[in-house]
Amino acid sequence: MGYDYAALCRDIEKLNEKYDMTDIFSIGKSVMGKDIYCIKTGNGKKRLFIGGAYHGLEYLTSLFLMRFIDRYIRLSSNGSDFFGFDTDSIYNAVTMFIVPMVNPDGVDIAVNGLDINNPYHRRLTETAGIHEFSHVWQANARGVDINHNFDADWKMTVPYPSPTKYGGKHPGSEPETRAVTGFIQKSGIDMLIAFHSQGGEIYYGFMEPDDMISLPVAKKLADISGYDLALPCGTASYGGCKDWFVKEFKKPGFTVEMGRGKNPLPENMIDDVFWDNAKIILCAANELMHSA
Ligand SMILES: [Zn+2]
C-alpha cells in the first residue's frame, strides 16, 4: 500500500477534469519510461519550482503536493484566504511549477517491489545486492540516488548502485535529474522548494550558513511551520537538487523534510503534515511575491 505512480496519474487526471486553471505537461521520462509530470498553476511573473518524491520511500510528499494544488486552486478561484495568505494575489503574482513525483520508478519499486521478470530486477540484484525492494528503496531504477546526482559538490561516497546514497557515475547521469535541471534552466525559476521526508526540518542554501539569500526566508518558513532550521552536514550536504539550484542561480532554495517518524511515513499521516507544509509553500510564495 502506498501512493504510487498509478495513484498519481489518477489524481492528475481528476485535477485536469476539475479545473481549467492548470497546465499539465511532462518534463521528461524516467529510466523505465514514465512521464515526469509538472503541474503549472498561477499567472505571475515570479516563478516557484516545487518538487516531491526524489526518493522512493517518500511518496507522502507526492500525495501532499496533489492535495495542496487542489485546495490552493479551489481557494484562489474563490478569492479565499489560506491561513491568512491572500491566495488571489499570490495566484496573480506567482506561477508555481509543481513536480509531485520526480522519481516515479523509485516510488513504484518502494511501494510495489520489483517483479522478478522485470529486466531491472536482475541488474539490481547483481549490482546492489538487494533481493527485497519494497520498504528500502530510495534510488531510481538504476540504483542511483537522484538527490545525490545533481552537479553541486558531487562526490562518490557509495561506489556502486544501491537503495540509497549512490550518486551515479557522474553528476546528471540520470534522466530524472536531467529532466529537472533542463526544465529549471529554461524556465527562469526564482525560488525552489524540494520536499522530502522525514525529520521536521528545513535546510537552506548551499554550504554557507550565513547565506543571506536563503536564510531570511528559511527563518520565516521554520517559524510558520514549527519545523527546525537546519544546515546540512555530512552526506546530506552534496549533490542535492536544492544545492544545485542555489549554487547555479544564487537564488533562494530549500529542502523540507516533511513529518516525523520512520520512512515510509504512513499515508494516514497526510492530515498531520498537510497544514504545516501548506503554510511553508504559501509563506515562500508570499515572500517571493514581495521580493524585488
Ligand atoms: Zn529524501
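Reading guide: rules and limits
Residues numbered from 1 in each chain as written. Predicted model: local features only at pLDDT ≥ 70, side-chain atom pairs only at ≥ 80, totals over all residues. Heavy atoms only, no water. Helix = DSSP H or I, 4+ residues; strand = E, 2+ residues; numbered from the N terminus. Rg over C-alpha atoms; globule rule 2.2 N^0.38 Å. Buried < 20%, exposed > 50% of the residue type's maximum accessible area, 1.4 Å probe, protein only. Areas by Shrake-Rupley, 256 points an atom, 1.4 Å probe, with all protein chains shown as cover. Axes fitted to C-alpha atoms, helices over the stretch in contact; angles between N-to-C directions. Left-handed = near helix turned anticlockwise from the far one by under 90°. Contact = heavy atoms within 4.5 Å. Nonpolar A, V, L, I, M, F, W, Y, C, P; charged D, E, K, R; others polar. Donors = N, O, S within 2.8 Å, 3.2 Å for Na, K, Ca; no water. Tetrahedral: all angles 85-135°; square planar, octahedral: opposite > 155°, others 65-115°. Pairing = 2+ DSSP bridges. Right-handed = clockwise from strand over helix to strand, strands pointing away. Salt bridge = Lys/Arg side-chain N within 4 Å of Asp/Glu carboxyl O. Parallel < 35°, antiparallel > 145°, perpendicular 65-115°, else oblique. Core = buried A, V, L, I, M, F, W, Y, C linked by side-chain atoms within 4.5 Å.

Next up on the list: the overall build of the protein. The helix and strand inventory of the protein stands at nine helices and 10 strands. Relative to its length of 292 residues, the protein is compact, with a C-alpha radius of gyration of 18 Å against a globular reference of 19 Å. Oriented by its inertia axes, the alpha-carbon framework of the protein measures out at about 55 × 45 × 35 Å. Split into buried and exposed, the 292 residues of the protein put 60% on the buried side. Summing over all exposed atoms, the protein offers an accessible surface of approximately 11900 Å²; the carbon and sulfur share of this is 49%.

With that settled, consider the packing of helix H2 (residues 60-78) against helix H9 (residues 270-290). Orientation of H2 relative to H9, taken along the N-to-C sense of each, is 65 degrees, at an axis distance of 10 Å. Seen along the crossing, H2 lies across H9 with a hand that is right-handed. Residues Leu 60, Leu 63, Phe 64, Leu 65, Arg 67, Phe 68, Arg 71 and Tyr 72 of H2 pack against Ile 270, Asp 271, Val 273, Phe 274, Trp 275, Asn 277, Ala 278, Ile 281 and Leu 282 of H9. For the contact of H2 with H9, a count of residues per class yields 13 nonpolar, one polar and three charged.

This brings us to the coordination of the zinc ion. Note on the zinc ion: its protein donors are His 55 (ND1), Glu 58 (OE), Glu 58 (OE) and His 196 (ND1). The metal-donor distances range over 2.0 to 2.5 Å. Around the zinc ion, the four donor atoms are arranged such that angles at the metal cover 55 to 148 degrees; this shape is classified as irregular. Coordination of the zinc ion draws on donor residues from a single chain, spaced H-x2-E-x137-H in sequence. Here His 55 is found in the loop between strand S3 (46-51) and H2, whereas its partner His 196 is found in strand S7 (residues 191-197), with 141 residues between them in sequence.

Quick look at unusual backbone geometry now. Cis rather than trans, the peptide bond between Ser 197 and Gln 198 has omega equal to 5 degrees. Looking at the element boundaries, Gln 198 is found in the loop between S7 and strand S8 (201-204). Cis geometry marks the peptide bond from Asn 263 to Pro 264; its omega dihedral reads -5 degrees. Of note, Pro 264 is situated in the loop between strand S10 (253-258) and H9.

In terms of strand pairing, S8 meets strand S9 (residues 228-230) through three bridges, oriented parallel. Counterpart to Glu 201 in the pairing with S9 is Asp 228. With helix H7 (residues 215-225) bridging S8 and the parallel S9, this β-α-β connection has right-handed handedness. Of the pairings in the sheet, the one linking S8 to S10 comprises four bridges and is antiparallel in character. Following the sheet pairing, Ile 202 is matched in S10 by Val 256.

Applying the stated criterion to the full structure yields 14 salt bridges. The salt bridge partner of Lys 34 is Asp 108, with a shortest N-O separation of 3.7 Å. Taken together, the residues Lys 34 in the loop between strand S1 (22-29) and strand S2 (35-41) and Asp 108 in helix H4 (residues 104-112) connect sequence positions 74 residues apart. The pair Lys 34 / Asp 108 is uniform in exposure class, with both members buried. Here Lys 251 makes a salt bridge to Asp 190, at a shortest N to O gap of 3.5 Å. Within this pair, whereas Lys 251 is found in the loop between helix H8 (241-249) and S10, its partner Asp 190 is found in the loop between helix H6 (175-187) and S7, the two being separated by 61 residues in sequence. Among the charged side chains, a network of salt bridges with common partners joins Lys 18, Asp 70 and Arg 74.

What follows is about the environment of Ala 53. Here Ala 53 is to be found in the loop between S3 and H2. By relative accessible area, which is 0% here, Ala 53 ends up buried. Separated by 85 residues in sequence, Ala 53 and Gln 138 have C-alpha atoms that sit 9.1 Å apart. Excluding residues within four positions of it along the chain, Ala 53 makes contact with Glu 58, Thr 61, Ser 62, Pro 100, Met 101, Val 102, Asn 103, Val 107 and Phe 195.

We now examine the packing of H6 against H8. Two elements in contact, H6 and H8, have axes whose closest approach is 12 Å; the angle formed by their N-to-C orientations is 30 degrees. One element, H6, and the other, H8, form an angle in the roughly parallel class. With respect to the hand of their crossing, H6 and H8 are arranged in right-handed fashion. Contact residues: Val 180, Thr 181, Ile 184 and Gln 185 in H6; Cys 241, Trp 244, Phe 245, Glu 248 and Phe 249 in H8. Residue classes in the contact of H6 with H8 are distributed as six nonpolar, two polar and one charged.

Generally speaking, a soluble globular protein has its nonpolar side chains buried in company with each other. Counting 61 residues, the largest nonpolar core has Leu 48, Phe 64, Phe 68, Ile 90, Val 94, Met 96 and Phe 195 as its most contacted members. Here this core gets 12 residues from one element, more than from any other, and that element is H9. Setting aside residues up to four positions removed in sequence, Phe 68 forms contacts with Phe 82, Met 96, Ile 98, Phe 274, Ala 278, Ile 281 and Leu 282.

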